Every structure is written in C-alpha cells, then in structure tokens.
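Structural overview
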Amino acid sequence: MYLHTINPRRSFSIYLFTITLLLIVLSCQRSNEPFITHDERMWLDKNEGKIEILFGYQEPPLAFHNENGDYVGLLIDYQKEIENSLGFDFKFRNFDTWEELITYSQTAHNYIIVGCASTNKREEYLSFTNSIVKIPYVIISQKNSNITSMSSLADKNICTVSNYAVNDYIAQYYPNITPISFKNHIECIRAVSTGDCDAMVVSQMTVTHIIDTELISNLKISDGSGYMNRLAVAISKDDPTLFKIIDKIIDNIPLNRQKEFHQKWIHSRPNKFSKKTWLTIISILSIFILAFIILWLWLISVKKLVAKQTRQIRENEENLRITLNSIGDALIVTDVEGKITRMNPVAQKLTGWHFNEAKDQSLERVFKIVNSTTKERVEDPVKKVLNCGQIIGLANHTVLISKDGREFQIADSGAPIKDETGNISGVVLVFRDVTEEYKMQTALEENEAKYRSLIENSNDAIYLLYNNHFELINKRFEEILGYTSQEMKHINLYNLIATESLEMMNIRIQENDKSKLSQKFEFVGIAKSGKKIPIEVSSSFIPYKDGIANQGIIRDISQNKKHESDLIKAKEIAEESDRLKSVFLATMSHELRTPLNAVIGFSDLIKADLSLEEIIYYSEIINMSGKHLLGVIEDVFDISLIETGDIKIENEPLSINTLLNEVYEIIKNEQTLQNKEHVDLILNNSLENQDTILFSDQKRIKQNLINLLKNALKFTEKGRITFGCNLHKENQQEFIQFFVKDTGIGIPPNKQKLIFEVFRQADDSHTRIYGGSGLGLTICKKLTNLMGGDIWVESKEGDGANFIFTIPFSDNYDSNIDSSKTSPILNFNNKTVLIAEDDETCFSFLEALLSPKGMNCVRVNNGEEAVEYCQNKNKVDLLLMDINMPKMNGYIATEKIKKIRPKIPIIAQTAFAIEGDKEKALAAGCDYYISKPINKNDLFDKILLSFDIN
C-alpha cells in the first residue's frame, strides 16, 4: 500500500532502496559469458550508422527535454552507456507521442527502444532484454476524493497515457474500467487536477516528479494499482543478432554504473523555488545554523563537565531499555535460577503482571503456559534452554494464562544469554500473542478441509489449469479421464484433446483476450484408455501465480450426445414417415380416382341410343377399372392386416404346375388389357413331376407371382418376361425358388432394399412415369416372410430385374391331387335361393347371375325377415346371407335359422372381408363364405359345393 498523501523524498528513498536490492540480486546472478563475439562485431561494423534508437517519451525523470532543450533522463543515460559499449552512436529518432513510436516499431527494423514494457501484443513483434527499471503504478486523485482502490474506479472517469502497457493490465484484470487516453502524463495530471477526470493510473516516479515541478498541491496517491511497470530495451524480432548484442550489453553494465544513473535521476529532486528564492532561504538558514552551532558548542562544553563520568553507564542502560521496550514481541529475561530480572511492556500486558510485581519471581509463577488441547502444564522453557544450551521453541498449541485468567495463544522461543567467556548467565524468552492468527489459521484449515471435501465429492469433474498443466483435479475428473492426480501433473493439456477438437482448442488457448471466449463449450477428449469422450466445459479465468489460470468443471456428455443422436434419428424417421404417408396418400388418391373416373365416366356415357358394341366396350372398361380399384383396396387391406398381425397363412397341398398355368393365363389376359402382347411371356418350370406338389398357401403364392408379373409387365416396354420355379437346397433345407425376370428399366442399387419398404417406390415423385400404390412389393416381402421364405431382387439400372422368392419345400401333404379339373354344367332349375341383402344393387347383381341359371330368387331386407321367412316353412334350397344388415345382422340370423332348419345350406357374403370374418361366419353356422365384390366363379363353386354337385 502507498501513502495517501504524496511524500516525494520518502517515495524515492523507498524506490532507490528497492532498485539497490534489485541490482545486488542481479549482480549475484550475473553470468560469466563472453561479451560480443567476432560475428556480432562483424555485424555491428556492417550496420554502423544504420541502427536507430526510438524515443517517444516526455516523461521526467525517464526521458524529457530540460530547460536548455537537451533530451536527458535516466533512459538517455542507458542509451549513452549502450553507445559507449558499441563504440558508435545510434541514429536518433524522436516521436511526438508514444503511440506514434509503437506504430512505427511494428513495421520497421534495425532499431532499439530504451524503456519499453513487455505486453502480449508487443511480444508478437518485439524481443525484450532484462528489465532496467521497475516502476510501481499508483492511483492519483484529488485529495478530497473517496477513491481507495482499483475496484472503486468502475464508475469513474479514469485516464491513462495512450498505448502504455498499463492499459493492457487494466483491460485484463479490470475489464469493467474503460480509461480515457491522453497523449502524455502531464495532460493526464492536469485533467485530474482540474476535475475533468476523477483519477489516473500512472507511474509513481513520473507523477511525483511532475507534481514537484508543476507545484500541484491538490492531488494525492489514493492507492497502488497492483501493476509494476518493468521497462526493458526492446528490439524488433526481425533483428535477432542485434537483440543478442544489446541483451549482453544490458547484462554487463556494471552495477555501480547503474546505481549512479538511479541516484542521479531518482534521488536528486528538482527545486520547487526559483534561484533567487533559494538564495534567500540559504542565507537565512546559514544565519540560523551558525547561531545554532555556536549555542550547541557552548552547551556541549557545559554537558561534558556534568556527564563525563556517568555517560557510559547511562548509555548502556538506556540502550538496553529502549531495545527491550521497542520490541513488538513480549520479552522476559531471567537469571540461571529462573528468576525474572527484566520484562518489557508487552510481556507485562500479556502476563498481567507488572514488572515490579514480577521481579525476582520464578518464571513458572508469572509465565503460566499449558497445552491448548489437553490443558496440561508445559515444561518450563528456561529449564529446557539451560539444559540444552541452545535456542528452543514452544509447540504450536501453547496457551498463556494471564494473572487475571485470560488466555492467549502464543508463539514462543527461548535463548541462552552468554557472557564473554561463553558461560550462560541467564535466559531471554521472546513470545507474542497469536490468538487471532491461530483462530484464522484454524478457520482457514477448516474451510480448506470443507472446500476440499466439496471439491473431491462433487459429481462434476473440477480442475485448475495453469500453463497447460493441471494444478488440481478431483476424483470425478480421475474417473472420467482415467488418470490419477499424480499422473495429471505430468500430462500436457494437448494430450487430452482429440484431433477433431485440436483447432478449436488451439484458438481458445492462444486467444489473449480471454473475455472474448465463451465460458461454456464442448470438445472431444481422450481418456487414458484411448477412448474418445464428448466433454462439456464450464470455465473461467483467474489471476494465479505469475499469470492467468483456467478453472472450471467438466462433464461427460456421452449419454446426452447419444440421446441427442437418438432424438435426431427419431425426428428424421418421423419426418420420413410423415413424408411417405403424404406420398402414399397422394398416390392412393391417384390410384383410386383414376379407375373411379373411368367407372363413373363411362357409366354416364352408357345411354339407350348407344350401339351394342359401344355399350359392351364401355362395360369392359368399367369392369377393368373396377377390378383395378378392387386390387388397390385389397392391397391396402392386405398391408393393414399384415401390419396388425391379423393375416394367417393357410397351408394346404397345391399343384405348382396348375398354379403356374393359372398365373400364366391371368397375366396373358393382363397383357391384352395393357396392350403389351408384343412382350414375350415365357413360363419356365424346371421341377420334376414328383416335386410339383407343394404344401403351402396357394392364394398367397399366386398373389406374389401376380404382383411381381404385373410389375414386370408395367416396367417392360419390349423384350420378354420369364417366370417359373426350380428346386433349391441351402443348409440341408429344400426350397421352391420362384422367379420373375424381365428386360425392363431395372432398379438402381441404392433403391433395391428401399422398394420392399411400406409406401416406398423407386420413384415416388409427382412426375413419375409409372403408376401404382407402392404396396405390392411390401406385401410380397411380408407374405413371403410369413410363409417362411425370403425375397430379393437382382438388377442393374437399364438392364432389367430378376425378382426371386423362396418357399420351404415340405412333403407333409397328400400327393393324390387331381390337377385336371373340368368345369361342371351349371343348371339350378327349380332351386329357390333366399337372398338376405339390404342393398338393392347387390341383390340385383345376384339375381342377374342366378336367374339365368334357373334359380328362383327371393329377397329379404334384414336378418329378422330371413328368420321369419324360414320359420314359415317356405321353400328354401339355398340361403345367401349378408353379414352387415339393419335390425339383425347375419351372424345372429344364421344361428337362429340353423336351429329351426339346420339342413339349409347358408353362404355368408360380406363387404368387410378382413381376417377373422370367415371364421366368425363359419362359427355362427354358415357353410361357406365369400367376400364382396363377388366373383361369379367363386360363387358358383360355393353353390355347387352346397348342393353336393361336383
């Protein structure tokens, strides 16, 4: 701390003492290196007269113009000393301001700057010798100001000299202070003196000199700034040889020479008064001094006569008394028997004994000391000293109990008093009250233990990083990275950073202005095991030792990153699903509306005035569009039933040859409908006769083949389509391998898995050329999987596709299957069929099918009417029962009718046609089941079975 009023002589005395000590220390450390080498001398000779010395100071006593206009000062003397050592003068270049000098130094070379402080920014282009001057910076304010420290400057108008190093110090440690820049110190001091600024942060040496010179009396030193301005000689980094030379010259300037410089400019003070005033003062002082000398000589002669004989004794006694009383610690002197012979005031205060009371008392009685923990009496220190003859100290937990019972925690030491012959003549005991210090130390230790426990047991990893090495870490830090605290002391920060985070971390580490950095960031770390760990860091920067340390906490965010990744994937899947559903709805809308447009449009065109050929042609289009619409609806039902698990595979013996032939006929008909008779359709069956019977679901195999063949037909404009099957064996398991191969457009490799996904097509854009709902291949894959097989595609874009699916080959069947069926003659004359149907159109369709075959069709509108008709014993040879009807549904009606007339065959017919409807109908008593829209061939087959006609 500095004085609150300016005392120039005392300040400079302290400063001179500090400089002297520094020079003594430097002298002890001076190396014995050779001075200037031959190569360096060659370089100097080459550059003689080219080296500039830069000055931008007007800052007494460092460098300034005196009354005669000469540029003088402490730094000028250093300049001359350097020139003397080199044997030639520099080119002198003076700048109006320090800021101009710094700007020039950033681009120039072959120069030196005497008196430049090092900063992070300057070190980018300047090299610095050892310091030649160290100057503390202080806060200057008006005497009536309440400014007491740097922290109180936050809301004040503060000024500094532009581009001085102290500005970097303020920006780094006091970012809330924004100084106002002036060209030089004189302008700053005048601004504070006149009240334009509240305070300034300035060199103590300079401000003291200027205040003395300018006779400014309203300013004071409010406090120290904490900044020590270390001035050195700076040389451009582009001139390494010049730097080596100057650096050695500075290190080899004799200490006595440096002391002369400082005494000349720092110890000597400028006169406050004019020469005339000084002459007057000196004259008056001379008269007073002369009179005082005469009077003093007279008094001395008188005193000599009185004090001659007693002087020595009194001097010795007084010196001893002053010494004892001046000591800040308590002091007790005893003789060899432990009797007290002397006590100073501090000892009297602590023991509670006045010296007159304590004199000749035993030490144990006056100096009562116990252990602070056990309260047991501590051994008499005088006896310990007399026994060992050496200096001893008390334990750390010693308590002195005073005469009035007060207790003081003390620190104590005892030493023997020896005479000229070396014999012990007494003991001196020195002790002091450390109660408050002891309490503070105890509290500090408790707090340290408490905070250490908090740090060690924290769930977050805590660290302190200095110069890229870890000064402190806790247990959680060890757990995350796998290193012990001892290992971490020898590990550089860069060893913990993964390659992908090195650039980002490098920027943070090299950033000089730490306030620009975010306090929270993430990087990828490397644990001791080599595992990469995503880490989140919350950090801050604090002053530490001789620089800045980074402290903070880290967290392992591996789980957070995983959750984040999972959320992103889930979001992408949801978005893709939403997109696919939108595409599917648009596709379905197109696939439904297109055939509906034909059905409705051509239905409207059928008029009475049309020719029979036109009516038949339009009817064929309506029929074809209706079948297409039914196929779309069935695909939607199938995929829904498959997704919900409601579809079942019905295995039964089937003839592969018959199945393939039926599929062939269906696709040939499809070729005609699509006008693609020019595409060759080839059936290739390599199975032996004994392998043509398969135990599986005939309906689903046929559905797969038809779906694949329709796709092949759709995407093949020319060439051929080949389909068939062969026997394939894999891992002792036999499979029937069906295939559909075309010469169409083919499928890109990146789409070959995608096409089997629900709602997906190789081209799902609005501009796609080929239609379809995008469900066919999905249904094929799921049905194949349900039947125990697999499906895949082999294709190249533009070179056709080969779809293959396998069905397990099983011999669990009856091989006596007649694959040659003959169509029976349908004649139902004199048969009465009761049709329970609430829909007029459906009844009309059934009547149109059955009446030409000789059947008498009777209609009832609901289940109640059907039951009533049967109860009246009307003739009924066959009952076609709709399931979904008003008043009473088909299930209940069937149960009631079977109880009344169990022999009536009942065929259930429904538009629901989902998995489970057939089982429910059969369970209610129906003999057979067909789904709407009704296929006439299926209906006639069920009627024949009902009448036992085959």
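Calculation criteria
Residues numbered from 1 in each chain as written. Predicted model: local features only at pLDDT ≥ 70, side-chain atom pairs only at ≥ 80, totals over all residues. Heavy atoms only, no water. UniProt positions renumbered as here; feature names shortened; annotations may be inferred. Helix = DSSP H or I, 4+ residues; strand = E, 2+ residues; numbered from the N terminus. Buried < 20%, exposed > 50% of the residue type's maximum accessible area, 1.4 Å probe, protein only. Contact = heavy atoms within 4.5 Å. 1 Å grid on protein atoms, 1.4 Å probe; cavity = no way out; pocket = protein on both sides within 12 Å on 5 of 7 lines; lining within 4 Å. Points joined across faces, edges and corners; volume = space filled by probe spheres on them. Nonpolar A, V, L, I, M, F, W, Y, C, P; charged D, E, K, R; others polar. Axes fitted to C-alpha atoms, helices over the stretch in contact; angles between N-to-C directions. Left-handed = near helix turned anticlockwise from the far one by under 90°. Patch = residues over 30% accessible without salt bridge, like charges linked within 9 Å, V, L, I, M, F, W, Y side chains within 5 Å. Areas by Shrake-Rupley, 256 points an atom, 1.4 Å probe, with all protein chains shown as cover. Salt bridge = Lys/Arg side-chain N within 4 Å of Asp/Glu carboxyl O. Pairing = 2+ DSSP bridges. Parallel < 35°, antiparallel > 145°, perpendicular 65-115°, else oblique. Disulfide = S-S within 2.5 Å. Phe/Tyr/Trp six-rings, centres within 6.5 Å; stacked < 30°, edge-to-face > 60°. Lys NZ or Arg CZ within 6 Å of the ring centre and 35° of its normal.

Identification of the protein as histidine kinase from Ancylomarina euxinus is taken from an unreviewed UniProt entry. Under the UniProt heading Catalytic activity (unreviewed entry), the entry covering the protein gives this text: "ATP + protein L-histidine = ADP + protein N-phospho-L-histidine."

**A closer look at the overall build of the protein**
Helices and strands together make up the secondary structure of the protein, namely 29 helices and 35 strands. Put simply, the protein has 950 residues, and 40% of those count as buried. Taking as baseline every contact in the protein between residues at least 6 positions apart, the subset at least 24 positions apart corresponds to 64%.

**Re the UniProt feature "modified residue: 4-aspartylphosphate" (unreviewed entry) in the protein**
In this numbering, the UniProt entry assigns the feature "modified residue: 4-aspartylphosphate" (unreviewed entry) to Asp882. Among the secondary structure elements, Asp882 is positioned in strand S33 (residues 878–882). Apart from residues no more than four positions distant in its own chain, Asp882 is found in contact with Ala836, Glu837, Asp838, Gly890, Gln909, Thr910 and Lys932.

**Structural notes on empty space enclosed by the protein**
Applying the stated criterion across every chain, the model contains 3 cavities of 30 Å³ or more. Computed from the structure, the largest cavity encloses a volume of approximately 90 Å³. Together, Tyr57, Glu59, Trp98, Ala117, Arg122, Tyr137, Tyr164, Ala165, Val166, Tyr227, Asn229 and Leu231 line the largest cavity. Listing elements by their share of the lining of the largest cavity, those giving two or more residues are helix H5 (165–173) and strand S11 (219–236). Of all the elements, S11 adds the most residues to the lining of the largest cavity, at 3 residues. Classifying every residue of the lining of the largest cavity by side-chain character gives 9 nonpolar, 1 polar and 2 charged. Put simply, the second largest cavity is a space of about 80 Å³.

**Here's the deal with the packing of helix H22 (residues 656–673) against helix H23 (residues 698–715)**
It is at 10 Å that the axes of H22 and H23 come closest, and there the two elements cross at 35°. Regarding H22 and H23, the two cross each other, and that crossing is right-handed. In contact with Leu659, Leu660, Glu662, Val663, Ile666, Ile667, Glu670 and Gln671 of H22, H23 contributes Gln698, Ile701, Lys702, Leu705, Ile706, Leu709, Lys710 and Leu713. Taken together, the residues of the contact of H22 with H23 break down into 10 nonpolar, 2 polar and 4 charged.

**Points about a nonpolar patch on the surface**
Side chains of Leu285, Ile289, Phe292, Ile293, Trp296 and Leu297 sit close together on the surface and give an oily, nonpolar patch of about 610 Å² of accessible area. Position of Leu297 among the secondary structure elements: in helix H10 (residues 275–307). Exposure remark for Leu297: the relative accessible area of 47% places this residue in the partly exposed category.

**A short note on the sheet that holds S33**
Spatial ordering of the open sheet is given by S32-S31-S33-S34-S35, a layout of 5 strands whose pairing is parallel. The sheet is open, and its two borders are formed by strand S32 (855–860) and strand S35 (928–931), each paired with just one other strand. Shown here is a sheet whose adjacent strand axes are inclined to one another by a mean of 20°, direction ignored. Two elements, strand S31 (residues 831–836) and S33, share 4 bridges in a ladder whose sense is parallel.

**Here's the deal with the packing of helix H25 (residues 840–850) against helix H29 (residues 936–946)**
At a minimum axis distance of 12 Å, the contact between H25 and H29 shows a crossing angle of 65°. Relative to H29, the element H25 is oriented roughly perpendicular. Along this stretch, H25 crosses H29, giving a crossing that reads as right-handed. Between H25 and H29, the contacting residues are Leu846, Leu849 and Leu850 on the first element and Lys936, Leu939, Phe940 and Ile943 on the second. Looking at the contact of H25 with H29, its residues break down into 6 nonpolar, no polar and 1 charged.

**Side note on the pattern of salt bridges**
One pass over the structure, following the stated rule, counts 24 salt bridges. Here Arg93 ties to Glu52 by a salt bridge, and the two come within 2.9 Å at their closest N and O atoms. On the criterion of sequence distance, the pair formed by Arg93 in strand S4 (residues 91–94) and Glu52 in strand S1 (residues 52–55) is long-range, its members being 41 residues apart. A relative accessible area of 8% places Glu52 in the buried class. Of the charged contacts, one joins Glu479 and Arg476 as a salt bridge, the two residues approaching to 3.2 Å between their closest N and O atoms. With Glu479 and Arg476 both in helix H17 (residues 475–481) and 3 residues apart, the pair spans about one turn of that helix. On the accessibility criterion, Glu479 (56% relative accessible area) is exposed.

**As for helix H7 (residues 204–214)**
Of all 11 residues making up H7, 9 are buried, and the element is well covered by its neighbours. For H7, the complete set of buried residues consists of Gln204, Met205, Thr206, Val207, Thr208, His209, Ile210, Ile211 and Asp212. Where H7 ends, the next residue or the one after it, Leu215, has phi of about 55°, a positive value.

**Considering the state of the cysteines**
Scanning the model with the defined rule gives 0 disulfides in all. Just so you know, Cys188 is unpaired, no disulfide at all, and the nearest cysteine sulfur is the one on Cys159, 4.0 Å from it.

**Notes on the sheet that holds strand S22 (residues 532–544)**
For sheets, the rule is that strands pair by backbone hydrogen bonds, running either parallel or antiparallel. Strand order in the open sheet made by the 5 strands is S20-S19-S23-S22-S21, with antiparallel pairing throughout. Unpaired on one side and paired on the other, strand S20 (469–473) and strand S21 (520–526) mark the two borders of the sheet. On average, adjacent strands in this sheet sit at an angle of 35° to one another, irrespective of strand direction. Across 5 bridges, strand S19 (residues 461–466) lies against strand S23 (residues 547–556) in antiparallel orientation. Bridge pairing links Leu464 to Gln551 in S23.

**Thoughts on the packing of aromatic side chains**
Counting across every chain of the model gives 23 aromatic pairs. A ring pair is formed by Phe738 and Phe805, whose centres lie 5.1 Å apart and whose planes are at 15°; its orientation type is stacked. In this pair, Phe738 is assigned in strand S28 (residues 733–742) and Phe805 in strand S30 (residues 801–808), connecting sequence segments 67 residues apart. Note on Phe805: relative accessible area 0%, which makes it buried. The ring of Phe947 is capped by Lys831, whose NZ or CZ atom sits 5.0 Å from the centre of that ring.

**Some words on the side chain of Gln79**
Mapped onto the fold, Gln79 is located in helix H3 (residues 74–86). For Gln79, a relative accessible area of 8% puts it in the buried group. Setting aside residues no more than four positions away along its own chain, Gln79 makes contact with Ile53, Phe55, Phe90 and Phe92.

**Concerning the pairing of S22**
Two strands pair when backbone bridges link them, and S21 and S22 are joined in this way by 7 bridges, in the antiparallel orientation. Within S22, the residue paired with Phe521 across the bridge is Val537. Connecting S21 to the next strand, S22, in antiparallel fashion are 5 residues, including Gly530 with a positive phi near 95°. Across 10 bridges, S22 lies against S23 in antiparallel orientation. Across the sheet, residue Pro543 finds its bridge partner in S23, namely Ile548.

**Side note on H5**
Taken together, the buried positions of H5 are occupied by Ala165, Val166, Asn167, Tyr169 and Ile170. Residues of H5 that are buried sit in contact with strand S5 (111–117), strand S7 (133–142), strand S8 (158–161), strand S10 (199–203) and S11.

**Points about the environment of Leu922**
Here Leu922 shows up in helix H28 (residues 917–924). For the pair formed by Leu922 and Ala908, sequence separation is 14 residues and the distance between their alpha carbons is 8.3 Å. The residues contacting Leu922, other than those within four sequence positions of it, are Asp927 and Tyr928.

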